[in-house]
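# Remarks on the overall topology
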2 protein chains.
Amino acid sequence: MLTQNHYTKRITLADVARVSGFSISSVSLVLNEAPLSRYVAASTKEHIRAVASKLGYRPDAAARSLRSRRSHTIGIMVSDISDPFCTLILQGIEKALHPTTYLPIIMIAHNQRKQFGRHLEMMMERRVEGLILVANWLFGEFDQLADFRKSQIPMVGVGRDLTASRVRSLQVDNEAGGYAAARHLYDLGHRKIAVLRGPSELADSDRRWNGIQRFASEVGLPLASKRVGQLPAADDPTSGFEGGYRLISAMIEQGVEFTAVIAFDDLTGLGAIRALRQTGRYVPEDCSVIGFDDVPHAAVNTPGLTTIRQPMEEMGSLAAKWVLDSLADTKPSHTATETSSLSGTLHLLPPELVIRQSTTRRLIDIRTAPVTRLGVAAQGRSRRKKE
Amino acid sequence: MLTQNHYTKRITLADVARVSGFSISSVSLVLNEAPLSRYVAASTKEHIRAVASKLGYRPDAAARSLRSRRSHTIGIMVSDISDPFCTLILQGIEKALHPTTYLPIIMIAHNQRKQFGRHLEMMMERRVEGLILVANWLFGEFDQLADFRKSQIPMVGVGRDLTASRVRSLQVDNEAGGYAAARHLYDLGHRKIAVLRGPSELADSDRRWNGIQRFASEVGLPLASKRVGQLPAADDPTSGFEGGYRLISAMIEQGVEFTAVIAFDDLTGLGAIRALRQTGRYVPEDCSVIGFDDVPHAAVNTPGLTTIRQPMEEMGSLAAKWVLDSLADTKPSHTATETSSLSGTLHLLPPELVIRQSTTRRLIDIRTAPVTRLGVAAQGRSRRKKE
DNA sequence: TTGTAAGCGTTATCAG
DNA sequence: CTGATAACGCTTACAA
């Protein structure tokens with residue numbers, strides 16, 4: 001009344017109290033359905049609620065969290081929102097957080113160091129109660145992470161191994177994925193397999209490669225170095241398309257022979273397909289291609305891209321559950337059994353081979369293979385004449 | 001000191017004041033670089049700042065916004081985070097907001113009414129100062145929108161026409177897009193053009209169709225109804241792939257002839273390609289396909305999908321600028337020249353034809369057409385023999 | 001130049 | 001069962 005506000009008059013608890021004729025505290029109790037509101041007369045409750053909604057009362061989040069010292073928010077730092085990999089993880093996080101009282105505060109770093117730092121800073125200021133780091137590509141160490149650690153705020157990383165920054169992390173088992181990819185192609189009869197490794201500064205790249213090598217050595221399959229390419233360093237996850245295209249084009253130009261390609265990720269695989277197609281080769285008839293990730297692109301391509309699937313949504317949900325669990329555990333007064341013992345942990349989830357149409361038996365065997373092996377949506381029915 | 005907090009002792013202004021030996025207000029002035037801090041001795045400033053950073057002081061966002069009555073946040077409601085369409089708009093918004101002091105608060109509705117409402121509610125409670133609605137698919141009217149209007153909080157919708165809910169909106173010119181698509185195919189010599197319309201409950205669907213019809217009637221091109229299909233209602237934007245696949249499969253099965261397809265969106269176009277391929281037809285040799293949107297899928301498909309591009313990032317930035325402008329205009333005391341006069345406005349941005357490899361001259365003309373017309377990355381060099 | 005003090009809208013403790 | 005009242009951490013007149 002005194003400080004008559006210009007335009008946006010906000011409805012506060014005091015207003016509801018005044019209009020309803022009850023005290024602020026009663027109103028607060030009722031509207032929050034606090035335990036003590038049990039003793040409030042039903043008629044009173046009803047009246048208060050009616051007034052509140054008639055007035056359009058909405059609690060002020062800032063005041064509430066100032067007083068209660070709880071923000072009820074969980075910070076989600078996403079390195080790149082245009083990458084479907086991150087996006088799907090986000091979806092999983094969202095779903096897990098939805099039934100809780102926690103609100104995800106999403107911030108986007110656009111793969112830029114400065115933004116990471118700035119946003120971590122804001123998350124601290126907003127007093128997030130937990131932090132999930134969704135990283136698809138590079139992710140360095142930041143001062144703020146140390147502060148988060150000190151504040152005992154539960155943190156978990158998804159997508160990348162952030163244990164070096166002492167952040168508990170969640171990731172697909174890249175080694176197993178590489179192994180599965182190699183095995184799939186080998187089982188289809190391929191022996192000359194080209195491998196497109198990821199950029200060297202990505203740890204995943206090595207892990208997948210290790211898996212491939214492990215399988216190869218188990219079955220005695222040689223991996224000629226002329227058939228192994230490596231994507232250049234890049235700070236953009238979609239650069240794989242271009243990279244795959246270039247590497248395969250180069251191999252073809254140099255006369256390197258291969259009947260199958262293991263690509264670092266789906267985009268790289270699609271780039272490979274483009275290169276093959278442009279030189280008159282068809283996938284999968286002339287060459288099989290397998291990707292990694294199973295981003296949406298893979299399924300809608302023709303031919304559908306066979307790939308090693310990362311359970312992205314599941315990863316997101318699991319990460320969210322971890323922080324929720326930590327949050328629940330945090331109540332016990334003494335520091336419990338050292339939650340920090342988990343901080344160095346890296347948890348691996350199993351990948352899954354998704355067979356679509358981009359991989360098939362070596363051509364020489366193809367006539368004898370049952371058509372149904374190619375799957376429902378196989379596009380190979382009217383096979384191109386061999387010239 | 002009194003309420004010795006168990007674990008998370010927060011550093012407050014009072015702490016900095018005590019340690020530095022100055023008063024809370026001085027510390028506040030200095031750390032905020034407030035106008036009045038001009039009169040503070042340089043040495044004092046330095047000292048205060050040093051203490052603050054040594055102590056690891058971080059202002060409490062809740063307290064700050066409670067006191068200042070400003071949240072410095074802009075709410076972004078995204079209908080579906082897994083849709084690249086939304087994601088790219090988001091990117092644009094982010095970029096425009098980044099240089100400002102406003103923090104985007106992103107909420108994801110997963111295309112579910114209930115979530116929309118719930119999240120709008122939370123945005124009100126968090127006292128967002130502006131609201132951007134990023135909708136790719138359906139978006140109904142919500143009670144909360146009325147409240148936002150009442151609170152004079154600037155709102156803008158991107159992607160869908162929300163003027164029915166009296167929200168100023170920003171959208172691509174769908175009619176022009178449809179027109180351009182039809183024209184492109186016509187110019188390539190196509191006369192039997194199949195059209196896959198979007199779901200009837202999407203207004204965009206009609207607009208694009210109107211554009212197509214307008215062009216057709218201008219050049220006297222008949223659009224036989226047997227060549228026109230319509231996607232079924234669906235609440236998932238990726239359903240277009242399936243839909244396009246089905247519609248084209250059906251047309252083929254019924255012996256309908258066509259040499260080109262205008263798809264409602266890119267996913268629908270990719271579905272069409274899948275159907276064509278599965279019946280032994282190649283794109284673009286046997287049939288051209290044009291999409292709409294230019295989501296990332298379009299570029300990495302082989303053949304690259306020709307499409308009508310929506311300037312999604314630009315749309316996002318523009319939307320953000322609009323709310324920032326409204327925010328700036330809001331200062332003048334008297335209600336200015338009715339900002340609300342804009343509330344019914346629908347702003348259209350021009351689409352852009354992006355020619356890739358999925359469209360080409362009608363086969364009969366193809367031998368005479370210069371190869372360069374197909375673009376740099378044309379995959380048609382080793383053309384399949386006609387059987 | 002620096003300090004004092006009055007709130008911002010809630011919640012929670014403690015009397016009545 | 002209901003009502004004062006004291007914080008929560010910060011900003012900002014106004015005093016000194």
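Model, not experiment: these values are computed from the prediction. (Residues numbered from 1 in each chain as written. Chains lettered and ligands numbered in written order. Predicted model: local features only at pLDDT ≥ 70, side-chain atom pairs only at ≥ 80, totals over all residues. Heavy atoms only, no water.)

## Structural notes on the protein's contact with DNA strand C
By nearness alone, 24 residues border DNA strand C, and L13 and R67 of chain A together with S23, Y39 and R67 of chain B come closest of all. Take the atoms of DNA strand C that sit within 4 Å of the protein: sugar and phosphate atoms are 64% of them. One nitrogen or oxygen atom from the main chain of L13 of chain A is found 2.7 Å from a phosphate oxygen belonging to DNA strand C. At the level of secondary structure, the elements contributing two or more residues to the surface near DNA strand C comprise α2 (24-32) and α4 (61-68) of chain A together with α2 (24-32) and α4 (61-68) of chain B. (Near = heavy atom within 4 Å. Polar contact = N/O pair within 3.5 Å; in protein donor to acceptor, adjacent residues only side chain to side chain. Helix = DSSP H or I, 4+ residues; strand = E, 2+ residues; numbered from the N terminus.)

## Some remarks on the packing of aromatic side chains
Inspection of the entire model under this criterion finds seven aromatic pairs over all chains. Plain terms: the ring middles of Y186 of chain A and F215 of chain A are 5.4 Å apart, the flat faces sit at 75° to each other, and that makes the pair edge-to-face. Of this pair, Y186 of chain A sits in helix α8 (residues 174-187) while F215 of chain A sits in helix α9 (residues 203-219), placing them 29 residues apart in sequence. Overall, F215 of chain A belongs to the buried group, its relative accessible area being 4%. Feature note: the residues Y179, Y186 and F215 of chain A constitute an aromatic cluster, connected by ring pairs. The residue whose ring lies beneath R208 of chain B is F292 of chain B, and the NZ or CZ to ring-centre distance is 3.6 Å. (Phe/Tyr/Trp six-rings, centres within 6.5 Å; stacked < 30°, edge-to-face > 60°. Buried < 20%, exposed > 50% of the residue type's maximum accessible area, 1.4 Å probe, protein only. Lys NZ or Arg CZ within 6 Å of the ring centre and 35° of its normal.)

## Quick look at the UniProt feature "domain: HTH lacI-type" (unreviewed entry) in chain A
In the UniProt entry, the feature "domain: HTH lacI-type" (unreviewed entry) is given for residues 11-68 of chain A. Segment residues 11-68 of chain A splits into 67% helix and 0% strand. End C-alpha atoms: 20 Å apart. (UniProt positions renumbered as here; feature names shortened; annotations may be inferred.)

## Quick notes on the packing of helix α1 (residues 13-20) of chain A against α2 of chain A
Helix-helix packing is characterised by the crossing angle of the two axes and by the distance between the axes. All names here are of chain A. Orientation of α1 relative to α2, taken along the N-to-C sense of each, is 105°, at an axis distance of 8 Å. By the criterion of interaxial angle, the relationship of α1 to α2 is roughly perpendicular. Here L13, A14, V16, A17 and S20 of α1 come into contact with α2, specifically with I24, V27, S28 and L31. Residues that form the contact of α1 with α2 fall into these classes: seven nonpolar, two polar and no charged. (Axes fitted to C-alpha atoms, helices over the stretch in contact; angles between N-to-C directions. Parallel < 35°, antiparallel > 145°, perpendicular 65-115°, else oblique. Contact = heavy atoms within 4.5 Å. Nonpolar A, V, L, I, M, F, W, Y, C, P; charged D, E, K, R; others polar.)

## What to know about helix α3 (residues 42-55) of chain B
All names here are of chain B. Look at α3: 20 Å from first C-alpha to last across 14 residues, which is about the 20 Å you get at 1.5 Å a residue. Among the residues of α3, T44, I48, V51 and A52 are the ones counted as buried. Angular distribution of buried residues about the axis of α3 spans 100°; they occupy a single face of the element. In α3, those exposed residues whose orientation departs by more than 90 degrees from the buried face are A42, S43, E46, S53 and K54. (Expected span 1.5 Å × (residues − 1). Arc of directions from axis to C-beta.)

## Topic: the environment of G229 of chain A
All names here are of chain A. Mapping G229 onto the fold places it in strand β7 (residues 228-230). For G229, a relative accessible area of 8% corresponds to the buried category. Separated by 35 residues in sequence, G229 and F264 place their C-alpha atoms 10.0 Å apart. The residues contacting G229, other than those within four sequence positions of it, are V195, L196, R197, L247 and M251.

## Considerations on the sheet that holds strand β9 (residues 288-293) of chain B
Residues and elements named next belong to chain B. Here we have six strands laid out as an open sheet, ordered β7-β6-β8-β9-β10-β12, and mixed in their pairing. The open sheet is flanked by β7 (228-230) and β12 (352-354), the only strands paired with a single partner. In this sheet, neighbouring strand axes are inclined to one another by 20° on average, regardless of whether the strands run parallel or antiparallel. Here four bridges tie β9 to strand β10 (residues 306-309), and the two strands are oriented parallel to one another. In the sheet register, G291 faces β10, and the bridge partner there is T307. Where helix α9 (residues 203-219) meets the sheet, its contacts fall on β6 (193-197), β7, β8 (260-262) and β9, and the angle it forms with β6 comes to roughly 160°. (Pairing = 2+ DSSP bridges.)

## Considering the protein's contact with DNA strand D
Surrounding DNA strand D, one finds 25 residues, the nearest of these being Y39 and R69 of chain A together with L13, Y57 and R67 of chain B. Each atom of DNA strand D within 4 Å of the protein belongs either to a base or to sugar and phosphate, the latter forming 65%. In this structure, A41 of chain A approaches DNA strand D through a main-chain N or O atom, which is 3.1 Å from a phosphate oxygen. A distance of 3.2 Å is found between a phosphate oxygen of DNA strand D and a side-chain nitrogen or oxygen belonging to N32 of chain B. Those elements giving two or more residues to the surface near DNA strand D turn out to be α2 and α4 of chain A together with α2 and α4 of chain B. In terms of residue count, the dominant contributor to the surface near DNA strand D is α2 of chain B (five residues). Among the residues making up the surface near DNA strand D, the classes are represented as 11 nonpolar, nine polar and five charged.

## Some thoughts on the interface of chain A and chain B
At the interface, 69 residues of chain A touch 69 residues of chain B. Both faces combined, the contact of chain A with chain B buries some 6,500 Å², and carbon together with sulfur accounts for 50% of it. The largest per-residue losses of area from chain A upon contact with chain B belong to R58, R127 and R277 of chain A, which jointly make up 12% of the total buried on that side. Along the contact surface separating chain A from chain B lie six salt bridges. One salt bridge in this structure joins R127 of chain A and D60 of chain B, with 3.5 Å as the shortest N-O distance. Linking chain A with chain B are 20 residue pairs in polar contact (both at pLDDT 80 or more). Every element with two or more residues in the side of chain A that touches chain B is listed here: α4, α5 (84-97), β2 (103-108), α6 (113-125), α7 (143-150), α11 (266-278) and α12 (296-300) of chain A. (Buried area = accessible area lost by both parts, 1.4 Å probe. Salt bridge = Lys/Arg side-chain N within 4 Å of Asp/Glu carboxyl O.)

## Concerning the pattern of salt bridges
Scanning all chains against the criterion turns up 43 salt bridges over all chains. With a shortest N-O distance of 2.7 Å, E121 of chain A and R58 of chain B are connected by a salt bridge. Of this pair, E121 of chain A sits in helix α6 while R58 of chain B sits in the loop between α3 and α4, on two different chains. When its relative accessible area of 25% is taken as the criterion, E121 of chain A is described as partly exposed. Residue classification places R58 of chain B among the buried positions, given a relative accessible area of 13%. With a shortest N-O distance of 3.0 Å, D294 of chain B and R309 of chain B are connected by a salt bridge. One end of the pair, D294 of chain B, is in the loop between β9 and α12 (296-300); the other, R309 of chain B, is in strand β10, with 15 residues separating them in the sequence. Look at R309 of chain B and you get partly exposed, because its relative accessible area is 30%. Each member of the salt-bridge network shares a partner with another, and the members are R160, D161, D204, R207, R208 and D293 of chain B.

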